[in-house]
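So the chains spell out like this:
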Amino acid sequence: MRFMMLMIPTGYEKAQPQAAPPPEAIEMMMKYNDSLRKAGVLLSLDGLHPPAKGVRLSRAGGKLKVTDGPFAETKEALGGYWILQVKSKEEAIEWASRCPAVQPYAPDGVATIELRQLQELTDFSPDAQKVVEKYPELAKLAANQPGR
Amino acid sequence: MSDVRRTIDAIWRIESARVIAALARRVGDVGPAEELAQDALVAALETWPASGVPDNPGAWLMATAKHRAIDRQRREQLATKKMDDLGHASPRAFLPDLDSALDEPTGDELLSLIFVACHPVLPREARVALTLRLLGGLATDEIARAFLVPEATVAQRIVRAKRTLSEAKVAFEVPRGPALEQRLASVLEVLYLIFNEGYAATAGDDWMRPGLCEDALRLGRVLAALAPDQPEVHGLVSLMELQASRMAARTGPGGEPILLLEQDRARWDAVLIRRGLAALARAQELGGGQGPYALQAAIAACHARAQVAQDTDWVHISQLYNLLAQVAPSPVVELNRAAAVSLAFGPAAGLELADALLTEPSLKDYHLLPSARGDMLFRLGRLAEAKAEFERAAALTRNAQERAFLLGRAQRCSPPGANQDLG
């Protein structure tokens, strides 16, 4: 099974556009990432710019509303994600628990890690599966496939 | 199973190989090292449900195993001393200093463990069982379920394998020089055997069986990280990633097998294809493009790159089979080469190669030979001969769905007019 491991750094929703962690923190994160790679469980990973460089779209008062970041109303923001291939939810939790952001040396509440299992085609209803199967090119882009 | 038990299982899967490898380095023998690690696991199962899982479970397991090792060493020293006092010669003049360093294991230790588990002194099935047990973190009953054999058989294989390694005084080290190539070939063979066992699983099999593909792939990735300069390691990883990418497309809703060219390519796993192509590129950069695994991966990559079956570059595939037939000749490779040639250069060229295999004893009862010849003869318009070949192939296959498919093809070989379906 595959999990997306989400990194939610506390305060990232208000971070400056050019905000970046110090090299020492990056070094620790890289070591962690490399341990995932060496264990053969890391499929892919990416870091995200702060919401200050992002844009939000929604429908409000019958009109399309486009808002530049940072977004005053948000309470948390994603800082990055990993895709892990594991045998169980417990294994995903175990890997997440080794992230530098939740180690004993990390300050309390410096970040939250969230685990979300990737959906598979077989999680959909038969009717919904038929709809999804009409778009084979999209399935090729998904980070998950049935049976994984 | 309780939550703590599942957590401990997950931790064991992550940590066991490192703990065993570090211990084996100190005690010089994987048998006792694995027993000490198992002792630590038992201690965890006894204490963690009450105490909670420690912050650094890997270090906890390592420290506990280390204490057991020291206890054991003291007992042995005491026994040795008593023997000395009685005037007997000491059976163990040297005992490694355990206390000195049982810290973080190095990559070399893990690599040594892989090489020892796959040592050629062991029978093939013992290498497979030991690798899954020592490196995959699988329990004996899990290995037994995956390979459809009794648990006692697997337990016996592992006990014998550990004894053999001990008696043969197999050094716990990474082989160097000329020995490396042969030893690495054994490691790659074991991983690919594990992978293929999982790949051969069919619907209704125990879920442990397809899980073997995942285990082999993970161990392959671990090996590639430990031995990044070995092109064939990347070749094998690429081959496994690319084959695994087709896993979901290989069977129909009723569990029936679907041939490569008939598969719904939208169901191929894009992430694994990307990784497989990257691993192949790495193998080629390292100058290993001509290795048997890299060549098979390159063939799989040709299929992976074709958006639809009609786009398949058969000319390139037949060239790759020509190379593979040189570095790893076998009747099955020759048959695949014939099939690729028939699709690249026409059925007559393919049939010439396939006909040469008719006297090959190992293919006498292999249904894919008459099935391939039937296809070529059909395309040449030699329908009566094609029909006979499809019928022969149908009689040879043990798979009911494949038999039905082949008989269907035989039926379509009847002369025009006799069968309206022909057009």
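Residues numbered from 1 in each chain as written. Chains lettered and ligands numbered in written order. Predicted model: local features only at pLDDT ≥ 70, side-chain atom pairs only at ≥ 80, totals over all residues.

Side note on the overall build of chain A
And then number 1: A tally of helices and strands in chain A yields 4 helices and 6 strands.
And then number 2: Starting at the N terminus and ending at the C terminus, chain A contains elements arranged as β-α-β-β-β-β-α-β-α-α.
And then number 3: If you line up chain A on its principal axes, its C-alpha atoms span 50 × 50 × 20 Å.
And then number 4: Residue pairs in contact within chain A that sit at least 24 positions apart in sequence constitute 73% of those at least 6 positions apart. (Helix = DSSP H or I, 4+ residues; strand = E, 2+ residues; numbered from the N terminus. Contact = placed C-beta atoms within 7 Å.)

Focus: the overall build of chain B
And then number 1: Looking only at helices and strands, chain B features 18 helices and 0 strands.
And then number 2: In terms of overall dimensions, chain B has C-alpha extents of about 95 × 50 × 40 Å along its principal axes.
And then number 3: Residue burial in chain B is summarised as follows: out of 423 residues, 43% are buried.
And then number 4: Restricting the contact set of chain B to residue pairs at least 6 apart, pairs at least 24 apart contribute 59%. (Buried ≥ 20, exposed ≤ 12 C-beta atoms within 10 Å, placed from the backbone.)

Thoughts on the interface of chain A and chain B
And then number 1: On the chain B side, the residues contacting the 24 residues of chain A number 22 residues.
And then number 2: Put simply, the parts of the chain that give the side of chain A that touches chain B at least two residues each are helix H1 (23–38), strand E2 (42–47), helix H2 (89–96) and helix H4 (136–139) of chain A.
And then number 3: Along the lines of polarity and charge, the residues of the side of chain A that touches chain B split into 10 nonpolar, 5 polar and 9 charged. (Nonpolar A, V, L, I, M, F, W, Y, C, P; charged D, E, K, R; others polar.)

Remarks on the sheet that holds strand E6 (residues 111–117) of chain A
All names here are of chain A.
And then number 1: What the 4 strands build is an open sheet, ordered E2-E5-E1-E6; its pairing is antiparallel. This sheet does not close on itself; its edge strands, each paired only once, are E2 and E6. Pairwise comparison of adjacent strand axes, ignoring direction, gives a mean angle of 15° for this sheet.
And then number 2: Relative to strand E5 (residues 80–85), E2 runs antiparallel, the two being bridged by 5 bridges. Bridge assignment links Ser44 to a residue of E5, and that residue is Ile83.
And then number 3: With respect to the sheet, H2 is in contact with strand E1 (2–9), E5 and E6, its orientation differing from that of E6 by roughly 160°. (Pairing = 2+ DSSP bridges. Axes fitted to C-alpha atoms, helices over the stretch in contact; angles between N-to-C directions.)

Here's the deal with the packing of helix H6 (residues 140–147) of chain B against helix H7 (residues 151–167) of chain B
To characterise two packed helices, one gives the angle between the axes of the helices and the distance between these axes.
All names here are of chain B.
And then number 1: One can describe the packing of H6 onto H7 by two numbers: an axis separation of 8 Å at closest approach and a directional angle of 115°. Considering the relative orientation of H6 and H7, their crossing is right-handed. Of the residues in H7, those in contact with Thr140, Asp141, Ile143 and Ala144 of H6 are Glu151, Thr153, Val154, Ala155 and Ile158.
And then number 2: In the contact of H6 with H7, the residues fall into 5 nonpolar, 2 polar and 2 charged. (Left-handed = near helix turned anticlockwise from the far one by under 90°.)

A short note on H6(B)
All names here are of chain B.
And then number 1: Those residues of H6 lying buried are Glu142, Ile143, Ala144, Ala146 and Phe147.
And then number 2: Structurally, H6 contributes buried residues whose contacts are with helix H5 (124–134), H7, helix H8 (178–199) and helix H9 (208–226).
And then number 3: Positive backbone phi, approximately 55°, marks Leu148, located one or two places after H6.

Observations regarding the nonpolar core
And then number 1: Judged by nonpolar contacts, the single largest core of 126 residues is most densely connected at B:Ile20, B:Leu23, B:Leu113 and B:Ile114.
And then number 2: Counting residues per element, this core draws most heavily on helix H1 (residues 3–27) of chain B, which supplies 12 residues. (Core = buried A, V, L, I, M, F, W, Y, C linked by C-beta atoms within 7 Å.)

Some points on the domain arrangement of chain A
And then number 1: Split by domain assignment, chain A resolves into domain 1 (2–117) and domain 2 (119–148).
And then number 2: Its C-alpha centre places domain 1 of chain A at a distance of 26 Å from the equivalent point of domain 2 of chain A. (Domains from an automatic or database assignment.)

Side note on the packing of H6(B) against H9(B)
All names here are of chain B.
And then number 1: Interhelical geometry of H6 versus H9 gives an angle of 105° and a closest axis separation of 7 Å. It follows from the interaxial angle that H6 and H9 lie roughly perpendicular. Taking contact as the criterion, the partners of Glu142, Arg145 and Ala146 in H6 are, on H9, Met208, Arg209, Gly211 and Leu212.
And then number 2: Grouping the amino acids of the contact of H6 with H9 by side-chain chemistry returns 3 nonpolar, 1 polar and 3 charged. (Parallel < 35°, antiparallel > 145°, perpendicular 65-115°, else oblique.)

A short note on the pairing of E5(A)
Side-chain positions along a regular strand alternate between the two faces of the sheet.
And then number 1: Where E1(A) meets E5(A), 6 bridges bridge the pair, whose relative direction is antiparallel. Each residue of the ladder has a partner; that of A:Met5, found in E5(A), is A:Trp82.

What to know about unusual backbone geometry
And then number 1: The omega angle of the peptide bond from A:Gly69 to A:Pro70 is 0°, so this bond is cis rather than trans.
And then number 2: Relative to the assigned elements, A:Pro70 resides in the loop between strand E4 (63–68) and E5.
And then number 3: A positive phi angle is found at B:Leu148, which is not glycine, with a value near 55°.
And then number 4: As for its placement among the helices and strands, B:Leu148 is situated in the loop between H6 and H7.
And then number 5: In this structure, B:Lys169 takes a positive phi of about 50° despite not being glycine.
And then number 6: Structurally, the position occupied by B:Lys169 is in the loop between H7 and H8.
And then number 7: On the basis of neighbour counts, which here come to 8 C-beta atoms within 10 Å, the residue B:Lys169 falls in the exposed class.

Considerations on H8(B)
And then number 1: Taking 1.5 Å as the rise per residue, H8(B) with 22 residues should run 32 Å; its terminal C-alpha atoms sit 32 Å apart, in good agreement.
And then number 2: Along its buried surface, H8(B) packs onto helix H4 (107–117), H5, H9, helix H10 (231–244) and helix H12 (292–305) of chain B. (Expected span 1.5 Å × (residues − 1).)

Structural notes on the confidence of the model for chain B
When pLDDT drops low, the exact placement of atoms in the prediction is not to be read closely.
Residue and element names in this part refer to chain B.
And then number 1: Per-residue confidence for chain B gives a mean pLDDT of 89; residues scoring 70 or more make up 91%.
And then number 2: Confidence drops under a pLDDT of 50 for residues 89–103, and excluding neighbours within four residues, the segment shows 21 contacts in the predicted structure.
And then number 3: Every residue in residues 419–423 scores below 50 in pLDDT, and together they form 6 contacts with partners more than four places removed in sequence or on other chains.
And then number 4: Here the predicted complex scores 0.87 on pTM and 0.85 on ipTM. (pLDDT = per-residue confidence, 0-100.)

With respect to the environment of A:Leu78
And then number 1: Positionally, A:Leu78 belongs in the loop between E4 and E5.
And then number 2: Each C-alpha atom, one on A:Leu78 and one on A:Glu114, is 9.9 Å from the other, the two residues being 36 residues apart in sequence.

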